[in-house]
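In case you want the letters, here they are:
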Amino acid sequence: MPLRPCFLRLLGFAALLSGCLAAPLDPALRSHAAPEPTSPGDAQGQPLEPGQLLAGAAKVDITPLAGMPLGGHAIEGGTGYALWTRLWARAIYLEDAEGEPLVLVIADLWSMPAGMADEVVERVREDHGLTQLGRAQVLLAATHTHHSPSNYGSAYLYNRAASNTGGFDPELRGFLARNIARAIAEAVASKEPARIRHATAPVASVARNRSLPPFLDNPEAAGILAANEALPTCPDYPREVEGVDPCQAVDPTLTTLRIEGLDGRPVAIAAFFAAHPTAMQNYVHAYGGDFFGLATARAEAALSHATGEGLGDAVVALFNGPQGDISPNWTEQGRPSTLVLGERMGAALIDAAGLAPGSGPSGGRVLEGTIASAFARQDLAAQAVEPTPSTPAATTAARPLPGRSLLSGAEDGPTRYRPKTPEGQTVDRHRRPGQGPKKPVAPPALVRMIFPRGAVPTQVPLSIHHVGPLTVAGLPGEFTTTMGMRIRVALAQAYADANPDAPRPILVGLAGEYLSYFVTPQEYALQHYEGGSTLWGQYAGALIAQAYARLARETPRADGPLPHAGAGPRTVEHRGPARRFALEPGAKTRRALRGLPEALREQLRVHEGPRASWTFTTAAPTWDGPTWPRFAVEVLDADGSEGWRTLRVGDSRRPLDERTEDFVIFPAAVDDETWTWTLWWLGGLVDEAALPEGAALRLRVDGPGGEHLCTGELGDGEAHTHPCASGYTPTVHPEDGLGVVPATPR
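Notes on the structure follow. Being a predicted model, the structure only gives us computed values, none of them experimental.

1. Re the pattern of salt bridges
Enumeration over the complete set of coordinates arrives at 41 salt bridges. The partner of Glu119 in a salt bridge is Arg173, with the nearest N and O atoms 2.9 Å apart. Taken as a pair, Glu119 in helix H2 (residues 114–128) and Arg173 in helix H4 (residues 170–189) lie far apart in primary sequence, 54 residues in all. Look at Arg173 and you get buried, because its relative accessible area is 2%. One salt-bridge network, in which partners are shared between bridges, spans Glu119, Glu122, Arg123, Asp127, Arg173, Arg570, Glu573 and Arg575.

In structure tokens:
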């Protein structure tokens, strides 16, 4: 039988592969340095009382230069030519009375590869002198937004297949690692005496299960559905399984850690909730944090308003959890649904953390005690799995293998192959030990040619962290709801004797490494998208649960700290060929930008046109400086007494600037020394009735080269550039509403 065209293309690519797959980096297996104890005490060196903590938080913009392929949707993804919402790295630093530290980091990225996590910790130690931090004391994770850059990984598989274009971008990788490390350093520098208030609450109508048949094959499914019986249903969502509502087949728990000063003032919020941030459709040419990014922006504005401090000081870090089979509850993927879900999730964060105007902490448990961490690396190939009530004795696969169902894509990221390659692609003969009923995506020999040994991670990092009685653990990929539940139960049972009244363990998804999906054996047997994407076979998830139970037994929780399970050697990276993706002057960039405004109007549903559009020129952005301009809407009262100032909107008085979802910006032309940009102010956040009578509005930009540019007074239509001098207010031509004539002082 003749080979299909796609296989011929794969064979052609395989022929080139021997010259493309780079030799592994760090062949000497350099080990992580051990943490060096620090002198306990606050910033002034005063000792803390037993059980007290120091805490600090910071965030750093990690939005890359325009031109990066977007990660997560593979060949169906877009390219980051434009910016809708900023991407951030948020870090929360904790330190106990003995000087033991812990850093929780969440980045608006589609994944957190192990090699980059290792590099961040090394940069923190070498560039910032924070030698008290070892690999075990830093939990790094990604939100999994699919509108963030790809091609910075430590494994060739994901640099080749996670985006629409293959390659490893060393400049992007250095930019991300450098700025994530800076966020950690700034969090450490801001530490102050604090306490942590732990609370949980259910959040309804934000998430739904996208893979019901596999979920229902788990023995735990009936209990989950019964526990969620009171949750609202998804009335507009078609029933994949009659009688089962997908909005009830979830873990609706939002866990918040309100970090507050000793006076009760909120310092930062760490929150944990499991759902794919994929409310936006796949093919969009704009960076953005999806509904997670919108929710945290709203919560940070509320936190800023509650403390009376600048928005730059507010940090609300929203971590993902076991979200492998959980989609956001969108009506139709796109910006409108993303705005609705961001508003809903943001309101839940504000309520749970006590950030609403006039409110405070509504209870919760104050966590007291010491901090401790343990770290280990788990091999995946041909590993024995002990029998459990839900898993027989078995071994994982000897080699990784994607399933045919992977080609279909998920519900919120379907591929062009989905109509002809539906989910549920299985085989009757289990010819590959550990891979069970999986139907391979292609002949296994061909898969091995294209992705040879080293192209797929063979080891994952595992970490356990304690903050008083609370246990936090990192999951190295996308774990389904039930697989996460089994790991959570294993951890809770391991520490039940030492902490009988401990809070429910927190699982942080996409932490420390990305290795696709991990499902239960029952889910794997049906080979839906998630099972087809479980590379190391039907028992890989059970192996991780077993490894966590073993790590917990080896490091029993007592009054003293956990021994550090040595971090060992750093990750060996197989990145693949290097390639640079940032826009550069030339015909390729001109072709990419041609037609971009029309594409963005359609992709972002800007059908009515923006409130204002402004084209301006700045110095070219660089990796070492600001990668995008900053901008804001400014207001001038009728009497001009306060001068131009940033407009604030809503109950939380959000500054209407680049940190909101009310703007889209993209390059219109790229030269060696200058870039020309187009900025759209969408205008959706402004209540005209709430504006001061007679007030004037304008746009202001701070460019990458230190430029300060402003428009004239805004009307409707195209804006023009003018000096930002105080008191300068051009008059508006009455015939066209925005044509500018010479200025008159005001």
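2. Details of the nonpolar core
If you look at the biggest cluster of nonpolar residues, it comprises 125 residues, and the most contacted ones within it are Ile180, Ile184, Ile487 and Trp681. Counting residues per element, this core draws most heavily on H4, at eleven residues. Leave out the neighbours within four places in its chain, and Trp681 touches Pro610, Arg611, Ala612, Val633, Leu656, Asp662, Phe663, Val686, Leu697, Leu699 and Leu714. Listed in part, the 29 residues of the second largest apolar core include Phe272, Val315, Leu367 and Val472.

3. Here's the deal with the sheet that holds strand S16 (residues 371–379)
Here we have four strands laid out as an open sheet, ordered S16-S19-S20-S22, and mixed in their pairing. Only two strands of the sheet have a single neighbouring strand rather than two, namely S16 and strand S22 (506–508). Sheet twist, expressed as the mean angle between neighbouring strand axes with direction ignored, is 15 degrees. Of the strand pairs in this sheet, S16 and strand S19 (residues 459–467) are connected by nine bridges, and their pairing is antiparallel. Across the sheet, Ile371 pairs through a bridge with Val467, a residue of S19. Taken strand by strand, helix H13 (residues 540–554) contacts S16, S19 and strand S20 (470–474), and its axis lies near 45 degrees from that of S19.

Thresholds, definitions, all that
Each residue is numbered by its place in its chain's sequence as written, counting from 1. Note on the predicted model: pLDDT of at least 70 is required for a residue's local features to be given, and 80 or more for side-chain atom pairs to be given and counted; whole-chain, interface and lining totals, by contrast, use all residues. With hydrogens and water set aside, each side-chain value is computed from the structure's full complement of heavy atoms. Any Lys or Arg side-chain nitrogen located within 4 Å of an Asp or Glu carboxyl oxygen qualifies as a salt bridge. In DSSP terms, a helix is any run of H or I states spanning at least four residues, a strand is any run of E spanning at least two, and both are numbered starting from the N terminus. Type-normalised accessible area, obtained with a 1.4 Å probe on protein chains alone, sets the label of each residue: buried when under 20%, exposed when over 50%, and partly exposed for intermediate values. We define the nonpolar core as a collection of buried residues of types Ala, Val, Leu, Ile, Met, Phe, Trp, Tyr and Cys that are connected through side-chain atoms lying within 4.5 Å of one another. Two residues qualify as a contact provided that any one of their heavy atoms is within 4.5 Å of a heavy atom in the partner residue. Here, a strand pair is defined by DSSP locating no fewer than two bridges between the strands. Orientation is described by axes fitted as lines to C-alpha atoms, over the contacting stretch for helices, and by angles from 0 to 180 degrees between their N-to-C directions.

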